[in-house]
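Residues per chain, in single letters:
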Protein chains: 2
Amino acid sequence: MRNFLAPSRDNKQRRAAPVAELRRGVASNDSEVRNRSRRGSGRPTLADVAGLAGVGSITVSRALRDPERVSPELRQRIAAAVDELGYVPNPSARALASARADVIGVLVPSLTNNVFSEVLRGIHDGLGDCPLQIQFGNTHYSEQEEERLLRVFLGQRPSALIVSGIDQAPTTRQMLEEAGCPVVQIMEIGPDPIDMMIGFSHLEAGKAVARHLVDVGCKRIGFLGARMDPRSRRRLAGYETVMREAGRFDAALVTTTILPSSVSMGAVLFHKAFEKTPDLDAVICNNDDLALGVLFACHRASLKIPAQIAIAGFNDLEMMEVASPSITSVRTPRYEIGRRAIAMARAAIAGDRPQRTVVDLGFELKMRESTMRRARPAF
Amino acid sequence: MRNFLAPSRDNKQRRAAPVAELRRGVASNDSEVRNRSRRGSGRPTLADVAGLAGVGSITVSRALRDPERVSPELRQRIAAAVDELGYVPNPSARALASARADVIGVLVPSLTNNVFSEVLRGIHDGLGDCPLQIQFGNTHYSEQEEERLLRVFLGQRPSALIVSGIDQAPTTRQMLEEAGCPVVQIMEIGPDPIDMMIGFSHLEAGKAVARHLVDVGCKRIGFLGARMDPRSRRRLAGYETVMREAGRFDAALVTTTILPSSVSMGAVLFHKAFEKTPDLDAVICNNDDLALGVLFACHRASLKIPAQIAIAGFNDLEMMEVASPSITSVRTPRYEIGRRAIAMARAAIAGDRPQRTVVDLGFELKMRESTMRRARPAF
DNA sequence: TTGTAAGCGTTATCAC
DNA sequence: GTGATAACGCTTACAA
């Protein structure tokens, strides 16, 4: 219990700063007399503002959070006081008192990957200047790391959580289900969302590219993949489905590695594939880095694109359009995913959950020179 | 509510009840008796741990922060209690009590830019698993935005601050000087650091590339630049210096834009430059995106590289090495800058500032096919 | 080495 | 609509 008899043996000299003075002199509408405390940041507090405005500190708190609930006159006075003191709220105190931090935790598997920097950009832009902080974690594609980070994040009682993909480990999933805040799964959609979801179908995207290459008359269509996370595997599954339907599937056409994706890895995988299946006439790359690597490898080997080898990428990085030849790719709504994930989270935090809690943003096949063969049925 | 903050190893059947019970019954070594409080997160607190371990909560606090100062026996008991309860410290409470958040604020000008995602990666890796959070802000190359974000960051009393570049606006600079925490300026070095600094000389880097192209026998060496932030301008200055020395400077050779850098912008700028100076025999690109765009543009125009046009980039993205032809570039220590900036910040936070507070990490000119002409002095 | 007391700056609760 | 009071969970200052 607090001791009410103690407070006033304040005899020491205070600091010279005007703020300190103010803290002693004026801030006494509240019961507490803030005297030469040994601690404290030296910055103006709610009570200082309250003192200057001649109101209770709780009123200042309300005026700041929900101006409607305070009379215009006081609101006015308080605004002036805030301004004069240069008051900045202390987020820790707020979080402690309300048992809720103004933080959105974001878990992504990679920072190297171009894709996620776009998502992040969308997230930051989606925030605008609302006073939420992004707490950001890199799982390095590891379930253990994801769980560990989530535990840390949960320790802050975040306002919302954004996680990548739909393949959380069981413990992780359960933690998310019981997190007690809105959760948005991004990048991919699927059945059985934890809470909200925004992304697109990687299976369908994989099918779309494969179908395009089949349509365009390619016979021996390879698949090149690096990193092979669950989303990559889903795209591979889409490829396989279409290839089987077309009666052209051959396991030898698939060349993957668990190593990270890179341009040079594209060249490496292409050479591997070409060794296994020298009759290759097209490659579908798991992403654009690889595709660019293949482009360069073909260039070095004087293979004509698309005449001898057709190339398709994934994600549609800006350079695909400009490349020579331009490279067919699947445009994915990365930035938009980030932006709308935040929008959904904010809505949910504000209490009105969006009606659509699972949002399919789709994708778009961009057909370009690298696959522009005319389909010539054998004749 | 199941407690997921518990280390996953003890996922036995013991759940919610014990904690609540404990909070009422046992936790009374401290003067406070935590009874049926209307507030609170329901999660175990320091006092709960203290109760279970039979010590004062301050001892638990110490055992967690600085184990050395607690006797091995108590340390042991406390560890067991923490484990059993799945106690996770509340960072807001800690921040409030200590007037210092375990947060490092990081201000970068862009997220799109490949360069900064590398720096970020370095920062995150440099953190290891030390319990510091990164608070991240994107200034969009705007001084106003930088100042605004800094103000927000300062409101949290961060443990350290990392800012990009050395050209802060006066107000911003002053805020940083008075931040009361270690400050690291990254990417670039220069005179008059605010506190610590890590990067390299962009002026020298600009000179190095230009000198290389001069050495290699190029006469009409263009400079292509986008975004033109202060660092870009410094590189341009380096180029200009060398060109003047060689008696080859011509303002018409410089083609820049304030628009963001991109591969397609590289092609655009190249065409512009070629129009102005059709006798161009080399281009130095302000960064690798542009260089790649130039490569593609040359390819489309059937210009031979390096025979007709030599190309040099900046940053040495991974793809430069693999490109066909491979592209000369300046390798910059982006990842290393991030990693070591954090190391410096951590050291300073821990109280032992590194002796070298200004660290020049240098750069490395990577000469590749795209500039491999033999220098043929006129004869 | 360990503990007690007293806040840190805010918000929830409840009374006016 | 406004305010006094008591937390929120932790750490600093100081005492033992």
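Under an unreviewed UniProt entry, the name given to chain A is LacI family DNA-binding transcriptional regulator, and the source organism is Sinorhizobium psoraleae.

## A closer look at helix α3 (residues 57-65) of chain A
Buried within α3 of chain A we find S57, T59, V60, S61 and A63 of chain A. Where the residues of α3 of chain A are buried, they touch α2 (46-53) and α4 (72-85) of chain A.

## What about the sheet that holds strand β1 (residues 103-108) of chain B?
All names here are of chain B. Reading across from one edge, β2-β1-β3-β4-β5-β11 is the order of the six strands in this open sheet, with parallel pairing throughout. Where the open sheet ends on each side, the last strands, each with one partner, are β2 (133-138) and β11 (358-360). Each adjacent strand pair in this sheet contributes to an overall mean axis angle of 15°, direction not counted. Taken together, the three bridges between strand β5 (residues 196-200) and β11 define a ladder with parallel strand orientation.

## Here we look at the packing of helix α2 (residues 46-53) of chain B against helix α3 (residues 57-65) of chain B
Residues and elements named next belong to chain B. Where α2 contacts α3, the axes come no closer than 8 Å and their chain directions differ by 105°. Classified by the angle their axes make, α2 and α3 are roughly perpendicular. Across the interface between the two elements, L46, A47, V49 and A50 from α2 touch S57, V60, S61 and L64 from α3. Each residue belonging to the contact of α2 with α3 can be placed in one class, and the counts come to six nonpolar, two polar and no charged.

## Structural notes on the sheet that holds strand β4 (residues 183-188) of chain A
All names here are of chain A. Strand order in the open sheet made by the six strands is β2-β1-β3-β4-β5-β11, with parallel pairing throughout. Whereas interior strands pair on both sides, the edge strands pair on one side only; in this sheet they are β2 (133-138) and β11 (358-360). Neighbouring strand axes in the sheet, compared pairwise and without regard to direction, differ in orientation by 15° on average. Here four bridges tie strand β3 (residues 160-164) to β4, and the two strands are oriented parallel to one another. Residue pairing for β4: I162 is matched across the bridge by V184. Lying over the sheet, helix α14 (residues 334-349) contacts β1 (103-108), β2, β3, β4, β5 (196-200) and β11, oriented at roughly 165° with respect to β5.

## Describing the side chain of E146 of chain A
Residue and element names in this part refer to chain A. Mapped onto the elements of the fold, E146 is located in helix α7 (residues 143-154). One buried charged residue, E146, remains without a salt bridge, the closest side chain of opposite sign being R231 at 8.4 Å. If we ignore the near neighbours within four places in the chain, the residues touching E146 are L107, T139, V163, S164, Q168 and T172.

About the cut-offs
The residue count restarts for each chain, going from 1 along the sequence in the order it is written. As a convention, the first chain written is A and the first ligand written is 1, with the rest following in written order. Where totals are concerned, whole chains, interfaces and linings use all residues; where local detail is concerned, this predicted model gives features only for residues with pLDDT of at least 70, and gives and counts side-chain atom pairs only at 80 or more. The basis for the side-chain values is all heavy atoms of the structure; hydrogens and waters are excluded. Buried residues are those whose accessible area, probed at 1.4 Å on protein chains only, stays under 20% of the maximum for their type, while exposed residues exceed 50% and partly exposed ones sit between those limits. The way it works is that DSSP assigns letters per residue, a run of H or I at least four long becomes a helix, a run of E at least two long becomes a strand, and they are numbered from the N terminus. Two residues form a contact once any of their heavy atoms are found within 4.5 Å. For two strands to be treated as a pair, DSSP must find no fewer than two bridges joining them. Only the stretch in contact is used when fitting a helix axis, every axis being a line fitted to C-alpha atoms; angles between N-to-C directions are given from 0 to 180 degrees. Small angles under 35 degrees read as roughly parallel and large ones over 145 as roughly antiparallel, with 65 to 115 read as roughly perpendicular and the rest as oblique. The nonpolar class holds Ala, Val, Leu, Ile, Met, Phe, Trp, Tyr, Cys and Pro. Asp, Glu, Lys and Arg form the charged class, and all remaining residues, Gly among them, are polar. The convention is simple: Lys and Arg are positive, Asp and Glu are negative, and His and the chain ends are not counted. Just to be clear on terms, a salt bridge is a Lys or Arg side-chain nitrogen sitting within 4 Å of an Asp or Glu carboxyl oxygen.

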